[in-house]
Amino acid sequence: MSDETSRNHIILGLGGTGGRVIRALRKRIWQLHRPHGIPDVNIEYLYVDSSPEMMGDNDPAWRVLGESVQLPRASRLLIGGARVWDVLENRRAFPSIAPWIGDRKAWAQVPGNVIDAGAGGQRRRLGRFLFAMKAPEFREAIKALAIRLRDKPAGDGSGGRTGGRKLHVHLVTGLAGGTGGGSFLDAMAMLANDREGVGDDVKISLFALLPEQGSLWNDGNYYANGYAALLELNAALLAGARAYRPYDLRGTGERLTLPVDRIGGIYLCSNENRAGATINVQHEAPSMIADFLYERIAESPRQQSPIFSNENRNMGPETVPGTAVGERARRFSAFGIRRVEYPESEIEEYLTQSLVRSAVLALLHNNWSDSFGFLDRPPNASWRDRAEDPALLETWHLADAHLRGEAPVLAQDKRRAEQEGWKPNFEGEWLSDRNYIHEQLEAEKYPAGELLPKFHELMEEGYEKGFRRKGVAAYFRDRLLDRAVIARTMVASLEADLLRRWREGHEGWSLAGIAATIEALRLSLSARRTTRAAALDAARNGLQLAEEHMEEIVADWSRKGLIGRTMGRRQVLADYGEANQTYQRIRTDLAADEFALELVPVVLQELAQLETKVGELRQLFEGALKDALDQIASRLRPAGSAGRTEPDRYFDPAKVMAMAERMARDKNEMGRMAASVQQLLLDTPRIRDSTTFGTILDELRAEALDQRVFQECNRQVARIHDRFAQSDGDRVLGVKLLQRLRNDLGGDRDRMQEFVRRLVDQAQPFLRYDETQRVMSPDAVGAPREAALGQGASAVIVQRPQPPELAAFGQQLDRVFRETGLNISIPEDTTSRPNALTVMSIDTALPARFIATVGFLKQEYLARLRGLNEVARLEVHSEDAAADLPDLFVEPVAPAKANATLLLGRALGLVLEDRDEAGRRQVVLRYVKDGFTYRDRLAGSFDELPDSLAHAEVMRLDEMVSQRLGAPELRHIDDRRKLDRQLVDMVQEVERTSGDGSEAYVRMRDAALKARQLLRLED
């Protein structure tokens, strides 16, 4: 890739750290640039992990400003689940894995539950294996993202493409875990060599989080993983024979080189900076990396990119002194970042959540106070009076007439009532029958003795068959059979009316008011049923009295003579008709009351279900209210109370709170806001015509209610704010940071210097350096003279807003920044927003040994691998041979494997005892070059070795031994076993002469064990 930076970026997160950084970055971009993203920049993401913990579609941790910034599924690659035993049993089927997967015996000692879990589990080899099994899918995912980036249309209406062919991949991982720490080098190597997939013009940068000391996550390999990963990364950045070249996981099994021209910044980050300030690795460190990544990406379209210019310094490696063989890459960088901002996003969210509070309270309680706005309690009301209101009960089909079957409820009964002429009540039904029978008897001139029996017979016939064309018993039998349908219809009528009143915002008919109304109805119905049950005996007594009254009229009529009957015929029919009507009506009332006693429990069940639905809906809104209140409480911390990775905030919290209160007390605005939210929630195709709370509940459950309410309030917050902000002094949104700084700092130079010094100090890179390592002589570490301390390896970049109207103050601030030290860069083509100022420090061209944490990691690494621990080597290294890569520190004596190399040299006849020209004994290196044999003196005796060897001599011997072991005559296992027998003989000889407890024996034994590894007898 050329020096010009790219507009196209892929953020590749490996493991949990990578996922957390992606999440923090996406939140930041959404806060600053929603919904379109960073101007002039195209970004895609790929998150790869063996754990699904952060991959859930509805994971609330990915939410910001009411929106989820969770990655689309095409940008999430889960790599867990593969079985390592399947590969170990059939190596030939996996040519890209077999060379490095390791020995079955060593795998057998890894806890089975770790392997079976299908996750990295702080085993780098296992994490690498899981990644390798998904390598084809990884390649295809990256390829698809690269194509999508390059095909994105320009936003200028030209119809062209914005991306071009340049691509920058930013790989983010932690080095302590198994998944990210085990796979990042393979990912880098694949990307750097995949011209077909990502193209020819690609840069790959790495952001790696080092293990923190005192971690609670340490499961045995935590720190050793970190050092092993750095060993391999360091060697991969070298050239020549000492370089580490990972195997190609794309299927060929060949080794891959990291092309130098494709590698960008290699950033290491710890939880501690130079000043000793620490951050939390789970949350704060990912946020800090995301902040720096944001700045790195935001500046990428600029022709003069300060970060890009600093991160690509390559001063060459530190070498074996006296040779050109690289050992310690000087490609590592460190960064620190500190922001000062007017917290626009936080204030916007605070105001939005205040609107959410008002809107939800309106829907919950609809109880307005001119002093406070919508209140968090229902209005004072008698819910019992509402539940017993005759007009409402009539509307809801819950009046006594409906419960007793007098008034029709079902649609078919209403049609019958209209067609058959049902009377409004039972009294009317029997009055109609009485009048009809009266007229019939009068017309037919029944004899006096038969008159009343006939009247009673006809009324009984009406009771048995004629009442509403069914008869009383049949009528109520049908009602009983339909009581479940009748109850549902009643409650549905109630529900539709309650929902209508809530939709229309009727005062007193909020969600809480509706819930209270249903509860009052339920209690009222229960009481009415109890009262009715108690009145049944009285009704039966009334029926008996009515029957006796009819009998008295009949008896009195029978005693009358001819004249009395003639004169009293009309009166007796009227008296008897009234008595019989009362008798039949009471009988019907009894049947109706008995039916009501059966119906009301069913209605109560339906009411309970409705009450549950409304209660659950209420809980949804109360949950949204609680979330809003929690968010409000967590916002607007006092200015200057920022954490280590959070920006310093310049603002007046009291002013923001006062604005929120003014907005909340405006009845018209809050009414419109509540209506708008209600329309958003209820005016959907499924809900619009629904008459049930259950449908609303299902619909609102399908998507987080608080998110939907927040989004609508956020859409209107700027408009409402601007209505109340009559002048710039009233504004709490759209405020310029430099204006705030000028107001606070004024022309006070001392205050400006203090402000700038504090910022620059807080922006120090988050790596603590080992000063002893930093001041070592370049000659002693094989570094060029220009690598001395402080030579062109640090820079401070200040991105600040540059409003023209504040140019003079900005220039004054720039001068103070430049006075703090060398290499201060303040780009004119700034990427800063109007409300933020960012200071970044970058140290580049570092060897890993400079970093204080690396020394600690080495100690833990050596302790974990002590005693040639095969399981430890398997777990912490990506392949066995990686344990023999160049160390990250300058070794004061010959390298650790020098004894093993010497022992193999003796067995191969390369190192032997000889005498010089004076006859003195010496140890020489015997070799053939250009057809001639040479003998170079190594030491006076074997006892002096390997301490007397220079580093370059050990490397030379190691190279000769490796060449001989790779010769055709030693490729067969039997030939190498002969060498192993010689090793055993040499060790046994020392045991015989010095004893098995001697230092010489232990040293020789350990060297032989190491040499056996180099012989690779297991192959």
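The structure under discussion appears in the preceding block.
Residues numbered from 1 in each chain as written. Predicted model: local features only at pLDDT ≥ 70, side-chain atom pairs only at ≥ 80, totals over all residues. Heavy atoms only, no water.

Undergrad: Which residues make up the nonpolar core, and what values do they have?
TA: Grouped together as the largest cluster of nonpolar side chains are 160 residues, with contacts concentrated most on Leu 351, Trp 502, Val 603, Phe 621 and Phe 693. Per-element tally for this core: the top contributor is helix H23 (residues 562-634), with 25 residues. The next biggest cluster of nonpolar side chains, apart from the first, holds 96 residues, and it includes Ile 142, Leu 191, Tyr 222 and Ala 224. (Core = buried A, V, L, I, M, F, W, Y, C linked by side-chain atoms within 4.5 Å. Buried < 20%, exposed > 50% of the residue type's maximum accessible area, 1.4 Å probe, protein only. Helix = DSSP H or I, 4+ residues; strand = E, 2+ residues; numbered from the N terminus.)

Undergrad: Help me get a handle on the packing of helix H35 (residues 898-907) against helix H38 (residues 999-1015), residues and values and all.
TA: Where H35 contacts H38, the two axes come as close as 8 Å, and the packing angle between them is 75°. By the angle class used here, H35 and H38 are roughly perpendicular. On H38, the residues touching Asn 899, Ala 900, Leu 903, Leu 904 and Arg 906 of H35 are Arg 1003, Met 1004, Ala 1007, Ala 1008, Lys 1010, Ala 1011, Leu 1014 and Leu 1015. (Axes fitted to C-alpha atoms, helices over the stretch in contact; angles between N-to-C directions. Parallel < 35°, antiparallel > 145°, perpendicular 65-115°, else oblique. Contact = heavy atoms within 4.5 Å.)

Undergrad: Provide a residue-level description of unusual backbone geometry, including the pertinent values.
TA: The linkage connecting Leu 945 with the following residue, Pro 946, adopts the cis geometry, with an omega of 5°. In this fold, Pro 946 is placed in the loop between strand E20 (932-939) and helix H36 (951-965). Phi is positive for Asp 40, close to 65°, though the residue is something other than glycine. Along the polypeptide, Asp 40 turns up in the loop between helix H1 (15-33) and strand E2 (42-49). A positive phi is found at Arg 469, a non-glycine position, where the angle reads about 60°. Tracing the chain through its elements places Arg 469 in the loop between helix H18 (448-466) and helix H19 (472-481).

Undergrad: Before we move on, can you summarise the sheet that holds strand E19 (residues 921-929) with the specific residues and values?
TA: The three strands are arranged E18-E19-E20 in an open sheet whose pairing can be described as antiparallel. The open sheet has two free edges, formed respectively by strand E18 (911-915) and E20, since each of these has just one partner strand. For this sheet, the mean angle separating the axes of adjacent strands, direction not counted, is 45°. Of the strand pairs in this sheet, E19 and E20 are connected by seven bridges, and their pairing is antiparallel. Bridge pairing in E20 links Lys 929 to Phe 932. In the packing of H36 onto the sheet, contacts are made with E18, E19 and E20, and the angle to E19 comes to roughly 50°. (Pairing = 2+ DSSP bridges.)

Undergrad: How would you summarise the packing of aromatic side chains if you had to cite specific residues and measurements?
TA: Within the structure shown, the criterion is met by 25 aromatic pairs. Here the aromatic rings of Tyr 267 and Phe 292 are separated by 5.2 Å at their centres, their planes lie at 65°, and the arrangement is edge-to-face. In this pair, Tyr 267 sits in strand E8 (residues 263-269) while Phe 292 sits in helix H10 (residues 284-298), placing the two residues 25 residues apart along the sequence. For the pair Tyr 650 and Phe 755, a centre-to-centre distance of 6.0 Å together with 90° between the ring planes defines the contact as edge-to-face. (Phe/Tyr/Trp six-rings, centres within 6.5 Å; stacked < 30°, edge-to-face > 60°.)

Undergrad: Quick one: what's the story with the environment of Val 735, residue by residue and with numbers?
TA: One can find Val 735 in the loop between helix H27 (705-724) and helix H28 (737-745). The buried category is assigned to Val 735, whose relative accessible area is 16%. Taking the C-alpha atoms as reference, Val 735 lies 7.8 Å from Pro 834; in sequence the two are 99 residues apart. Every residue in contact with Val 735, bar those within four places of it in the chain, is listed here: Tyr 342, Glu 344, Arg 740 and Asn 835.

Undergrad: Break down the packing of helix H21 (residues 511-534) against H23 for me, citing the residues and quoting the values.
TA: Geometrically, a packed helix pair is captured by the angle between its two axes and the distance between the axes. Look at H21 against H23: their axes get within 9 Å of each other, and the N-to-C directions meet at 165°. By the angle class used here, H21 and H23 are roughly antiparallel. The two elements H21 and H23 cross, and the hand of that crossing is left-handed. Looking at side-chain class alone, the contact of H21 with H23 contains 19 nonpolar, one polar and seven charged residues. (Left-handed = near helix turned anticlockwise from the far one by under 90°. Nonpolar A, V, L, I, M, F, W, Y, C, P; charged D, E, K, R; others polar.)

Undergrad: Please provide a residue-by-residue account of the pattern of salt bridges, values included.
TA: Tallied over the entire structure, the rule returns 82 salt bridges. With a shortest N-O distance of 3.2 Å, Asp 291 and Arg 28 are connected by a salt bridge. You can see Asp 291 sitting in helix H10 and its partner Arg 28 sitting in helix H1, a full 263 residues away along the chain. The pair formed by Asp 291 and Arg 28 is uniform in burial state, with each residue classed as buried. For Asp 537, the salt bridge goes to Arg 540, with nearest N and O atoms at 3.1 Å. Residue Asp 537 and its partner Arg 540 are both found in helix H22 (residues 536-558); the two are separated by three residues, about one turn of the helix. Exposure remark for Arg 540: the relative accessible area of 37% places this residue in the partly exposed category. Among the ionic contacts, a cluster of salt bridges with common partners joins Asp 400, Arg 404, Glu 406, Glu 427, Arg 528, Arg 532, Arg 585, Asp 589 and Asp 593. (Salt bridge = Lys/Arg side-chain N within 4 Å of Asp/Glu carboxyl O.)

Any link to function would need more than the numbers given here.
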